[in-house]
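Tertiary structure, described
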Amino acid sequence: MKICGLTSEADAGLLIKYGADYGGVVVFYPKSKRDVTIKEAKIIVDILKKSDIKAVAVTVSPTVEQLYKIQEAGFDYIQIHGTLEKAVYEADTIPIIRAVNISDNNNADKTDDIINTVKEQVEKSQKLDKVAGILLDAGVPGSGKTFDWNSIKELEITEKKLFLAGGLNSGNVAAAVKCVQPDVVDISSGVEYEDVLIKGKDESKVKAFINAVNN
Ligand SMILES: O=C(O)c1ccccc1N[C@@H]1O[C@H](COP(=O)(O)O)[C@@H](O)[C@H]1O
């Protein structure tokens, strides 16, 4: 399981306390309330790595300069939403988790187009050696919204690890796993406080989510 959007040493400590496989840190994306500086990220990375938790840099359309800083900070993986530039792919030395964001398909006429686009993106990513995993997520990353899990049933993700993200929480994760059968479940908003003014991860929600996944 992967818990994303860590912003402090305390958040990282919760992953160690309750047991997670991956910890995600948003960098170089100031639009996100979870964005931290690369210096702050490095402190979190060091804590995670000491406990054998894989540290994932969560990015949107990173530049080569940003990639170098991410690699220098010691991240194990880079999660890439948006565009993956050829120059970035060539300069990359760590495994990539390629995010595919699936737009809302509340317009029935557009459903096939959306799914075809997702299929194309997945097929393209599966051919890339440095891509270790494909992350299927809702339209807006980190929004806490789910997408229609049934819409991706026909996707064949055989070569890479499948990460399922988008609006997961302790109440829906069992149904999500049953429907999609991902290798890794990924959560961010679902383990945060109801009161948006309180930053960081809510311990009781982290515990409930991890229990729900393990049982
Ligand atoms: O969390 C963010 O703000 C974010 C910013 C930029 C790229 C990705 C981001 N979040 C990722 O979105 C998924 C799902 O999150 P949620 O559970 O729906 O809140 C997760 O992989 C986050 O790392």
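So, here's what we can say about the structure. (Residues numbered from 1 in each chain as written. Predicted model: local features only at pLDDT ≥ 70, side-chain atom pairs only at ≥ 80, totals over all residues. Heavy atoms only, no water.)

Remarks on the packing of helix 1 (residues 9–18) against helix 2 (residues 38–50)
Where helix 1 contacts helix 2, the axes come no closer than 9 Å and their chain directions differ by 15°. Classed by the angle they form, the pair helix 1 and helix 2 counts as roughly parallel. The handedness of the crossing between helix 1 and helix 2 comes out as right-handed. Contact with helix 1, carried on its side by E9, A12, L15 and I16, involves I43, I44, I47 and L48 of helix 2 and no other residues of that element. For the contact of helix 1 with helix 2, the residue count by class is seven nonpolar, no polar and one charged. (Axes fitted to C-alpha atoms, helices over the stretch in contact; angles between N-to-C directions. Helix = DSSP H or I, 4+ residues; strand = E, 2+ residues; numbered from the N terminus. Parallel < 35°, antiparallel > 145°, perpendicular 65-115°, else oblique. Left-handed = near helix turned anticlockwise from the far one by under 90°. Contact = heavy atoms within 4.5 Å. Nonpolar A, V, L, I, M, F, W, Y, C, P; charged D, E, K, R; others polar.)

Concerning the packing of aromatic side chains
Applying the stated criterion across every chain yields a total of two aromatic pairs. For the pair Y22 and Y77, a centre-to-centre distance of 5.6 Å together with 65° between the ring planes defines the contact as edge-to-face. You can see Y22 sitting in strand 2 (residues 22–26) and its partner Y77 sitting in strand 4 (residues 77–81), a full 55 residues away along the chain. In this structure Y77 comes out as buried when scored by relative accessible area, which is 15%. Directly above the aromatic system of Y89 lies the positively charged group of K130, at a separation of 4.8 Å from the ring centroid. (Phe/Tyr/Trp six-rings, centres within 6.5 Å; stacked < 30°, edge-to-face > 60°. Buried < 20%, exposed > 50% of the residue type's maximum accessible area, 1.4 Å probe, protein only. Lys NZ or Arg CZ within 6 Å of the ring centre and 35° of its normal.)

The values reported here are purely geometric and, on their own, carry no functional implication.
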